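Structure at a glance
Spelled out from the first residue to the last, the chains are:
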Amino acid sequence: IFIPLLGAALAFYFYSAPPSFNEEMLRGKRVIVTGASSGIGEQMAYHLARMETHLLLTARTEAKLQKVVEQCLELGAASARYISGSMEDPSFPEVVVREAENTWGGLDMLILNHIGHSTFNYFDGNVGHIRKLLETNFLSYVAMTTSALPMLRESEGSIVVVSSLAGKVGSPFAASYSATKFALDGFFSSLRHEFIMDKVNVSITLCILGYINTESAVRAVSHVLRDKPAPKEECALEIIKAGALRQRELHYPPWVVGTAVLLRDIAPEFLDSSIRSSYRVENLKRT
Ligand code: NDP
């Protein structure tokens, strides 16, 4: 009786176990990474270079992109180039995608990661700033996806959207940023349904990140936030793995983000008060 049972258990395991990540999955793939001149985007570029992918990197600062591209080539990228410009310019997303099309004639993975500058403070009533931030943090993601979709359909590729815990749970001092991140969840979670219903084999991975030790994040919040940031190198690798495995969502760091998302639905007031108590408000200078 044990042998058939063992056989059934093994068959169940092999058919139902989630696929595991293997760097070979990405070798030779054509990948766009936005916001690749610093922080998590830069680290993703380095991991992808080691995996021998073809890279097109973008951000505003040409000098930084040049250095990242050089480093990617040293690390083993199959090819690496950059295109600089601002996602505040509504025509730029299409320019980036055209560059990929003209260079490679196709695309396998689109990693949307850039963000525009926003202050970490009480909401100051600046509606114009929210409009601008929506252009950079949200509308450019939609525009890049729209332009890249024909190539991604063809390659049965992947879209990776980098979001935040502030895009799942309300957080103080980041109202404008949080609004743009919630918008990403609404748009891309809706689009994922449509792809499945329409048999479009393009995966959408929404990455919900907690506090990560990038220079800009540490500079903005370390004097106010009690939490310890997670490492950007590991975070970048987890994002790439989740995209390659066509995961629906990534929660990183898993324990912190997973718990917050769970509490949001079962104990929202408890979660809200824990969030408020994790800030040293006395260190925040009102602007
Ligand atoms: P960084 O500030 O380190 O990097 C932001 C990138 O976006 C840079 O490459 C920057 O380059 C680029 N960028 C800024 N403005 C524009 C613009 N107008 N047009 C085009 N590119 C622009 O950010 P992180 O690495 O910390 O964050 C990366 C992602 O992770 C973001 O989506 C963020 O929301 C998310 N995240 C990060 C967390 C953290 O704690 N670090 C927490 C939760 C989510 P340049 O200035 O040269 O244009």
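What you see is a predicted model, and the numbers here were worked out from it, not measured in a lab.

**Points about the overall build of the chain**
Regarding its fold elements, the chain presents ten helices and seven strands. The C-alpha radius of gyration computed for the chain amounts to 20 Å, which stays within 12% of the reference 19 Å derived for 287 residues, consistent with globular compactness. Considering the chain as a whole, with its 287 residues, one finds that 46% of them fall into the buried category. Considering only intrachain contacts with a sequence separation of at least 6, the fraction spanning at least 24 residues in the chain is 72%. Surface summary for the chain: the accessible area is close to 15000 Å², and the carbon and sulfur share equals 56%. With 28 positive and 30 negative side-chain charges, the chain shows a separation of 4 Å between the mean positions of the two kinds.

**Concerning the state of the cysteines**
Under the criterion given, the structure shown has zero disulfides. With no disulfide of its own, Cys72 lies closest to Cys235 among cysteine sulfurs, the gap being 17 Å. Residue class for Cys72 comes out buried when judged on its relative accessible area of 0%.

**Let's talk about the sheet that holds strand E5 (residues 158-164)**
If you walk across this open sheet you meet the seven strands as E3-E2-E1-E4-E5-E6-E7, and the pairing is parallel. The open sheet has two edge strands, strand E3 (79-84) and strand E7 (249-252), and neither has a second partner. Averaged over all pairs of adjacent strands, the angle between their axes in this sheet comes to 15 degrees, without regard to strand direction.

**Observations concerning the pattern of salt bridges**
In this structure the tally under the stated criterion is twelve salt bridges. Residues Lys168 and Glu249 are paired through a salt bridge, measuring 2.8 Å at the closest nitrogen-oxygen approach. A residue pair is termed long-range when its members are at least 10 positions apart, and Lys168 in the loop between E5 and helix H6 (175-197) and Glu249 in strand E7 qualify at 81 residues. Exposure class is identical for Lys168 and Glu249. Each is buried. Asp265 is the salt-bridge partner of Arg264, the closest N and O atoms lying 3.3 Å from each other. Assessed through its relative accessible area of 30%, Arg264 is described here as partly exposed. Counted as one network, the salt bridges with shared partners bring together Lys168, Asp185, Arg248 and Glu249.

**Thoughts on the environment of Arg153**
With respect to the helices and strands, the residue Arg153 is situated in helix H5 (residues 127-155). With sequence-adjacent residues up to four places away left out, Arg153 is seen in contact with Asp198, Val200 and Val202.

**Some details on the pairing of strand E2 (residues 54-59)**
Extensive coverage of E2 is indicated by the burial of five of its six residues. In this structure, strand E1 (residues 30-34) lies alongside E2, joined through five bridges in parallel fashion. Opposite Ile32, over in E2, you have Leu56 as the bridge partner. For the crossover from E1 across helix H2 (residues 39-50) to E2, the handedness is right-handed. Here E2 runs beside E3; their pairing, made up of six bridges, is parallel. Pairing of Ala59 across the sheet is with Ser84, part of E3. With respect to chirality, the unit in which E2 leads through helix H3 (residues 62-75) into the neighbouring parallel E3 is right-handed.

**Here we look at the site of the ligand**
Not every one of the 30 residues close to the ligand is listed here, only the nearest: Arg60, Thr61, Tyr177, Thr214 and Ser216. Ser38 has a polar side-chain atom sitting 3.2 Å from an oxygen atom of the ligand. In this structure, Asn113 approaches the ligand through a main-chain N or O atom, which is 2.8 Å from an oxygen atom. Computed on the free molecule, the ligand has an accessible area of 890 Å², of which 91% lies beneath the protein chains in the complex. Residue assignment for the shell around the ligand shows that the elements contributing at least two residues are H2, H5, E5, H6 and helix H7 (215-221). Tallied by class, the residues present in the shell around the ligand amount to twelve nonpolar, 16 polar and two charged.

Reading the values: the criteria
- Residues numbered from 1 in each chain as written.
- Predicted model: local features only at pLDDT ≥ 70, side-chain atom pairs only at ≥ 80, totals over all residues.
- Heavy atoms only, no water.
- Helix = DSSP H or I, 4+ residues; strand = E, 2+ residues; numbered from the N terminus.
- Rg over C-alpha atoms; globule rule 2.2 N^0.38 Å.
- Buried < 20%, exposed > 50% of the residue type's maximum accessible area, 1.4 Å probe, protein only.
- Contact = heavy atoms within 4.5 Å.
- Areas by Shrake-Rupley, 256 points an atom, 1.4 Å probe, with all protein chains shown as cover.
- Lys, Arg positive; Asp, Glu negative; His and termini not counted.
- Charge placed at Lys NZ, Arg CZ, Asp CG, Glu CD.
- Disulfide = S-S within 2.5 Å.
- Pairing = 2+ DSSP bridges.
- Axes fitted to C-alpha atoms, helices over the stretch in contact; angles between N-to-C directions.
- Salt bridge = Lys/Arg side-chain N within 4 Å of Asp/Glu carboxyl O.
- Right-handed = clockwise from strand over helix to strand, strands pointing away.
- Near = heavy atom within 4 Å.
- Polar contact = N/O pair within 3.5 Å; in protein donor to acceptor, adjacent residues only side chain to side chain.
- Nonpolar A, V, L, I, M, F, W, Y, C, P; charged D, E, K, R; others polar.

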